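Summary of structural features
Take a look at the letters that make up each chain.
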Amino acid sequence: MRIRTFIALELPPALKLRLQEIITCYGSSSPTGVNWVAADNLHLTLIFIGDVQQEQVTELDELLTKNLQGFPPLVFAAEGLELFPAIDPRILWLKLKSENDDILKLHRRLMHDIIRLGISPDRKPLRLHITLARMKSRMSPELEKELIQQEFDKHSMAYSRICLFRSVLQPQGPSYSILEDYNLK
């Protein structure tokens, strides 16, 4: 049996609450074709792995346990909401900024080790963001402007939990469940 997987960071509670407020406020009034992420699905994707065999989940768990042993919490600051790409946007996301390059080092090391297991993860460059909505059609310019002007606490926040997730695609949207989780110390 194949399992669709990815590695992601859980959000700090204060930031998750702020993003839930935005989704609640704008979710019901958005045009058709704008699909908001379910509040329970908010996360910061580190690596999308894709489909793996059940036994490879055990290998991924061992790899993550080894690589995250003693790893400090990752620290990010919210920069604000962005539409991506700039021309004909398809995603509304919260852009994040890292205080240091720890996340990039961790990403490179995990990618290298996952590939050594014979797994082919998505090799897109790491973009520090949290997806709030996917768009099949455009929002009005007024709504876009209102969204990107949303205020966020600019103070850095610690992300202290990384999870190996399972993703099940369904007609109403993906459903995520945690396969394994790891606390950063």
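For the structure, check the block above.
Residues numbered from 1 in each chain as written. Predicted model: local features only at pLDDT ≥ 70, side-chain atom pairs only at ≥ 80, totals over all residues. Heavy atoms only, no water.

Membership of the largest hydrophobic core comes to 54 residues, with the highest contact counts inside it found for W36, L94, I130 and Y159. When sequence neighbours within four positions are dropped, the list of residues in contact with L94 reads L15, L19, A78, G80, L81, L128, H129, I130, L132 and F152. (Core = buried A, V, L, I, M, F, W, Y, C linked by side-chain atoms within 4.5 Å. Buried < 20%, exposed > 50% of the residue type's maximum accessible area, 1.4 Å probe, protein only. Contact = heavy atoms within 4.5 Å.)

We now examine the pattern of salt bridges. A side chain of one charge can pair with a side chain of the opposite charge when the charged atoms of the two come close. Taken as a whole and assessed by the stated rule, the structure comprises ten salt bridges. As a salt-bridge pair, R18 and E21 come within 3.7 Å of each other at their nearest N and O atoms. Placement of both R18 and E21 in helix α1 (residues 13-27) is noted, with a separation of three residues, approximately one turn of the helix. According to the relative accessible area criterion, E21 is partly exposed, its value standing at 42%. Of the charged contacts in the structure, one is a salt bridge between R138 and E144, with a shortest N-O distance of 3.0 Å. By relative accessible area, R138 is classed as partly exposed at 45%. (Salt bridge = Lys/Arg side-chain N within 4 Å of Asp/Glu carboxyl O. Helix = DSSP H or I, 4+ residues; strand = E, 2+ residues; numbered from the N terminus.)

Moving on, we get to the sheet that holds strand β3 (residues 44-53). One open sheet accounts for four strands, arranged β3-β1-β8-β9; its pairing is antiparallel. Every other strand in the sheet has two partners, leaving β3 and β9 (175-183) as the edge strands with one partner each. Taken over all neighbouring pairs, the strand axes of this sheet differ in orientation by 25° on average, direction set aside. Alignment of strand β1 (residues 2-9) against β3, held across eight bridges, turns out to be antiparallel. Across the sheet, residue T5 finds its bridge partner in β3, namely G50. Set on the sheet, helix α2 (residues 54-68) makes contact with β1, β3, β8 (161-168) and β9; between it and β3 the angle comes to about 145°. Together, β1, β3 and β8 form the strand contacts of helix α3 (residues 102-116), whose direction differs from that of β3 by roughly 5°. (Pairing = 2+ DSSP bridges. Axes fitted to C-alpha atoms, helices over the stretch in contact; angles between N-to-C directions.)

Attention shifts here to the environment of V168. Position of V168 relative to the elements: it lies in strand β8. By relative accessible area, V168 is classed as partly exposed at 33%. Each C-alpha atom of the pair V168 and I3 lies 8.3 Å from the other, and the pair is 165 residues apart in sequence. Contact partners of V168, with chain neighbours within four places excluded, come to G173, P174 and S175.

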